[in-house]
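Residues per chain, in single letters:
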Amino acid sequence: MSELEQAWDELVVTARRTVTDGLVVGTSGNVSVRVGDGDAARILVTPSGVPYDRLGPRDLLAVDLDGRTRTGTLAPTSELPLHLALHRTTGARAVVHTHAVHATAVSTLVPELPPVHYMTAALGGPVRVAPYATYGTPELAENMLSAMAGRTACLLQNHGTVTYGDTLTAAYDRTAQLEWMCRLWLTARSVPGLSPSLLTGAQLDEVAERLAGYGQGR
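What counts and what doesn't
- Residues numbered from 1 in each chain as written.
- Predicted model: local features only at pLDDT ≥ 70, side-chain atom pairs only at ≥ 80, totals over all residues.
- Heavy atoms only, no water.
- Core = buried A, V, L, I, M, F, W, Y, C linked by side-chain atoms within 4.5 Å.
- Buried < 20%, exposed > 50% of the residue type's maximum accessible area, 1.4 Å probe, protein only.
- Helix = DSSP H or I, 4+ residues; strand = E, 2+ residues; numbered from the N terminus.
- Contact = heavy atoms within 4.5 Å.
- Axes fitted to C-alpha atoms, helices over the stretch in contact; angles between N-to-C directions.
- Parallel < 35°, antiparallel > 145°, perpendicular 65-115°, else oblique.
- Left-handed = near helix turned anticlockwise from the far one by under 90°.
- Disulfide = S-S within 2.5 Å.
- Pairing = 2+ DSSP bridges.
- Nonpolar A, V, L, I, M, F, W, Y, C, P; charged D, E, K, R; others polar.

Moving on, we get to the nonpolar core. For soluble globular proteins, the rule of thumb is that nonpolar side chains tend to be buried together. Judged by nonpolar contacts, the single largest core of 27 residues is most densely connected at W8, L11, V31, V33, L44, L55 and L168. Of all the elements, helix α1 (residues 3-20) adds the most residues to this core, at 5 residues. When near neighbours in sequence (up to four residues on either side) are disregarded, L44 contacts L4, A7, W8, L11, V31, S32, V33, V35, L61 and A62. The next biggest cluster of nonpolar side chains, apart from the first, holds 19 residues, and it includes L23, L113, V127 and V129.

This brings us to the packing of α1 against helix α5 (residues 168-189). Contact pair α1 / α5: the axes reach a minimum separation of 10 Å and the direction vectors enclose 10°. Classified by the angle their axes make, α1 and α5 are roughly parallel. In this structure, the crossing between α1 and α5 has a hand that is right-handed. For the pair α1 and α5, contact is made by A7, E10, L11, T14, R17 and T18 and by L168, Y172 and D173, respectively.

Attention now goes to the state of the cysteines. A complete count under the given rule lists 0 disulfides for this structure. Here C154 is not cross-linked by a disulfide; its sulfur's nearest cysteine counterpart is in C182, at 11 Å.

Here the focus is the sheet that holds strand β8 (residues 160-165). Read across the sheet, 8 strands follow the order β4-β3-β2-β1-β5-β8-β7-β6 without closing on themselves; strand pairing throughout is mixed. Here the strands that pair on one side only, and so sit at the sheet edges, are β4 (69-71) and β6 (129-130). The pairing of strand β5 (residues 94-98) with β8 spans 5 bridges and is antiparallel. Looking across to β8, one finds that V95 is bridged to Y164. Relative to strand β1 (residues 30-35), helix α2 (residues 80-89) is tilted by about 35°, and along the sheet it contacts β1, β2 (42-45), β3 (62-63), β5, β7 (153-156) and β8. Here helix α4 (residues 138-148) sits on the sheet in contact with β6, β7 and β8, set at roughly 135° to β7.

Time to look at the packing of α2 against α4. At their nearest, the axes of α2 and α4 sit 8 Å apart, and the two run at 45° to each other. The pairing of α2 with α4 is recorded here as oblique in orientation. Where α2 crosses over α4, the handedness of that crossing is right-handed. In this structure, α2 uses P81, L82, A85, L86 and T89 to contact α4, whose residues at the interface are L140, A141, M144, L145 and M148. A per-class count over the contact of α2 with α4 returns 9 nonpolar, 1 polar and no charged.

A separate point is α2. Burial within α2 is extensive, with 7 of its 10 residues counted as buried. The complete set of buried residues in α2 reads L80, L82, H83, L84, A85, L86 and H87.

Everything listed is a geometric property; what it means functionally is a separate question.
Encoded structure:
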């Protein structure tokens, strides 16, 4: 199996997981993963309007960093400008975009997700909300990049979530974490007469330092 084929299989598994875990409905949301660098870089991306359970090896779709199709015959997702913006300007190797319910609800209420949990630090700090723009437009991609500065996740106003990472697993895990934190905040703020306690910048900085040494890679 070639590197592109292996990456495509992983992308399809991730895309299907967004449906299974209730982060998207139907063909909404999209996923991309980068293979290679420089002029040889290829961005594998989910196609437009095709249910993920119908995708197979023959549907492999890859574009270059200018958005030109290099492999495959299907049309890429309408959110290709958003994916390319991240692949061009950040260290993203994988991008996940969803319409997760709780996160989308939060995007309609506040300009950033309040730091209600210490895992806010794992996303680079309080998650900002990118101002609304029509899906698939350069304006949406620009708004997203501004909201993503110094972060690995953002909310799109009245739209959904965007996360990126070094791998599809990392990007997906950040999406799941963001949705969970949005659900947590909505739950806490729904208690009549009480307001959630929020973490300070200093507290988040301390967590960020600890997370740098977290896990088995010490």
